[in-house]
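These are the residues of each chain, in order.
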Amino acid sequence: MPMKHYDVIVIGTGGVGSAALYHLAARGVRALGLDRFPIAHDRGSSHGESRIIRLSYFEHAGYVPLLKRSYELWDALAQASGRALLHRVGILYVGAHDRPIIHGVRDSATAHQLDVTAVDSAALSARFPGFQVPEASSALFEQDAGYLLVEDCVRAHAELAIARGAEHSTGHAVRGWRYEDGRVIVDTDSAPFSADRLILSAGPWSNALLASLDIRLRVLRKHLHWFETNGYKETDGCPTFFYDTPNGYYYGFPKRDALGLKVAEHSRGVEVDDPLNDPRAIDPDELERVKTFLRTCLPGVSTRHSRHEVCFYTMSPDENFIVDRHPDHPEVVFAAGLSGHGFKMTAALGEALVELALDGTTSQPIGFLGLSRLG
Ligand SMILES: Cc1cc2nc3c(=O)[nH]c(=O)nc-3n(C[C@H](O)[C@H](O)[C@H](O)COP(=O)(O)OP(=O)(O)OC[C@H]3O[C@@H](n4cnc5c(N)ncnc54)[C@H](O)[C@@H]3O)c2cc1C
């Protein structure tokens, strides 16, 4: 049987790849998405109910235009899919004045005129009861922030892409890709496929598909926990939150249902060699750190554990995303190393990758995410 040929193949249809497939379908090209797992699965980096989205960006002010575009795209996707994807509940930042988070949030708010306000202790207890601000710390609030329902976002992108003509095939493990006779050949554990262009969005498995670049992405095992509580409800105005404490960074989401409040540690993480076969067990020390954080900063939440999930961060050397064209193969573009903060921007990254693949250039300012910065 002759090999099936496409205009563009997307390897990996999680957060970034489902968005890319959606934009390919919108452009009317013949596209195929390949993934080892079903749409919105729980084995990679895009699961566990929710992801924070915010405009104030302490990581690097260069992301703000991509964030603004992402907000537009998430709202458009919500409308097209009929799903409530983006919940604008705001974000409360708490940290010491001289530590990087509060500084970075203030700087990006000033540079981009964002709606970020200081919250004094009287306002805090009136507006956000149950949140403690440790001594010598301050609190900031960004109104436009909130969270995305992560699996619903992936589903919405993938399902609309398929409805608009893209093909999607799950259960195919991609073994590798090569450039041959003017086209890209993708070898899978079933049939090979070919395409004019290739988009690589393999999340924690990116090292294997970008081996010749020798980027050395580190994959970290990260835990998500849910704790029972009667308060901290989204319906009562509880926001998402991010704490910079002497014992690490902790963040979380308001209670949506009987499982309670979701909370996690953003700092630390154990490096894993093989995310496919990771045991995904609870780490008692990590769980104790999270409980200590709750006792200190959100004392109204019980430490009765109602759910646990493991998910992977894929860390680039400088913890910024890597989005570029393959230096040896201009027909191959990729996004990798989203470093634990990329979901909120997957909508814009998918669009940028499609523009790079089809037009050779993108309107989005992603120059600072290029491969050359890594030397
Ligand atoms: C616990 C946790 C909390 C997070 N919190 C936030 C947050 O609050 N806000 C935020 O913006 N970001 C957050 N992130 C980061 C964000 O979720 C990730 O950056 C993003 O989801 C990564 O998307 P991706 O498309 O790169 O990877 P994935 O969604 O994992 O997609 C990669 C896909 O490629 C497929 N694949 C890979 N290799 C192959 C192969 N060889 N053959 C076939 N298929 C293959 C995989 O099966 C997978 O579906 C968090 C991440 C974690 C783990």
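Bear in mind that the values here come from a model prediction, so they are computed numbers and not experimental data.

Conventions and cut-offs
Residues numbered from 1 in each chain as written. Predicted model: local features only at pLDDT ≥ 70, side-chain atom pairs only at ≥ 80, totals over all residues. Heavy atoms only, no water. Near = heavy atom within 4 Å. Polar contact = N/O pair within 3.5 Å; in protein donor to acceptor, adjacent residues only side chain to side chain. Areas by Shrake-Rupley, 256 points an atom, 1.4 Å probe, with all protein chains shown as cover. Domains from an automatic or database assignment. Contact = heavy atoms within 4.5 Å. Buried area = accessible area lost by both parts, 1.4 Å probe. Salt bridge = Lys/Arg side-chain N within 4 Å of Asp/Glu carboxyl O. Buried < 20%, exposed > 50% of the residue type's maximum accessible area, 1.4 Å probe, protein only. Helix = DSSP H or I, 4+ residues; strand = E, 2+ residues; numbered from the N terminus. Pairing = 2+ DSSP bridges. Disulfide = S-S within 2.5 Å. Axes fitted to C-alpha atoms, helices over the stretch in contact; angles between N-to-C directions. Phe/Tyr/Trp six-rings, centres within 6.5 Å; stacked < 30°, edge-to-face > 60°. Core = buried A, V, L, I, M, F, W, Y, C linked by side-chain atoms within 4.5 Å.

Within the structure, the ligand sits among 32 residues, and D35, H41, S46, R51 and C311 are positioned closest to it. Between D35 and the ligand, the recorded distance is 2.6 Å, taken from a side-chain N or O atom to an oxygen atom. Between the ligand and the protein, one listed contact pairs an oxygen atom with a side-chain N or O atom of H41 at 2.6 Å. A total of 1,000 Å² of accessible area belongs to the ligand in isolation, and the protein chains cover 97% of it.

As a further point, take the domain arrangement of the protein. Domain assignment breaks the protein into domain 1 (4-47 + 151-216 + 318-374) and domain 2 (91-143 + 218-315). Taking the mean C-alpha position of each, domain 1 and domain 2 sit 30 Å from one another. Counting residues at the interface gives 17 residues for domain 1, matched by 14 residues for domain 2. Contact between domain 1 and domain 2 buries roughly 1,300 Å² in total, counting both sides, with carbon and sulfur atoms accounting for 52%. The largest per-residue losses of area from domain 1 upon contact with domain 2 belong to R43, H47 and P204, which jointly make up 34% of the total buried on that side. In this structure, the connection of domain 1 to domain 2 is made through zero salt bridges.

Here the focus is the pairing of strand β15 (residues 248-253). The element β15 is extensively covered by neighbouring structure, given that five of its six residues are classed as buried. Inspection of the sheet shows strand β14 (residues 240-245) paired to β15 by five bridges, in the antiparallel sense. The residue of β15 that forms the bridge with F242 is Y251. Adjacent in sequence and paired antiparallel, β14 and β15 are bridged by two residues. As defined by bridge partners, β15 adjoins strand β16 (residues 261-265) across four bridges and the pair is classed as antiparallel. Bridge pairing in β16 links G252 to V263.

Our next topic: the state of the cysteines. Under the counting rule described, the total for this entry stands at zero disulfides. With no disulfide of its own, C238 has C297 as its nearest cysteine by sulfur position, at a separation of 14 Å.

The antiparallel open sheet is built from three strands, whose spatial order is β3-β8-β4. Of all strands in the sheet, those with a lone pairing partner are β3 (50-53) and β4 (86-87), marking the two edges. Pairing between β4 and strand β8 (residues 146-149): two bridges, direction antiparallel. Looking across to β8, one finds that L86 is bridged to L148. Contacting β3 and β8, helix α5 (residues 150-163) crosses the sheet at an angle of about 55 degrees to β8.

What follows concerns the packing of aromatic side chains. Evaluation of the coordinates by the stated rule reveals 17 aromatic pairs. Centre to centre, the rings of F131 and F241 are 5.4 Å apart; their planes meet at 65 degrees, and the pair counts as edge-to-face. One end of the pair, F131, is in the loop between α4 (121-127) and β7 (137-142); the other, F241, is in strand β14, with 110 residues separating them in the sequence. Using a relative accessible area of 5% as the deciding quantity, one classes F131 as buried. Taking the centre distance of 5.2 Å and the plane angle of 75 degrees together, the rings of Y243 and F293 count as edge-to-face. In this pair, Y243 is assigned in strand β14 and F293 in helix α7 (residues 284-297), connecting sequence segments 50 residues apart. The class for Y243 is buried, based on a relative accessible area of 0%. Put simply, the rings of F131, Y232, F241, Y243, Y250 and F293 touch in pairs and so form one group of aromatic residues.

Take the pairing of strand β18 (residues 305-315) next. Counting buried positions along β18 yields eight of eleven residues, so the element is predominantly enclosed. In this sheet, β18 lies alongside strand β13 (residues 218-227) in antiparallel orientation, the contact comprising ten bridges. Each residue of the ladder has a partner; that of V219, found in β18, is T314.

The next thing to look at is the nonpolar core. One finds W74, Y93 and I199 to be the most contacted residues of the largest nonpolar core, which totals 74 residues. By residue number, the principal contributor to this core is helix α2 (residues 64-81), which donates eight residues. Among the domains, domain 1 (4-47 + 151-216 + 318-374) and domain 2 (91-143 + 218-315) are the pair contributing at least three residues each to this core. Not counting the four nearest positions on each side in its chain, Y93 is found in contact with R54, S56, F58, I101, I102, V105, S138, A139, L140, E142 and F242. Among the nonpolar cores identified, the runner-up in size contains 25 residues, and L200, L209, I215 and I322 belong to it.

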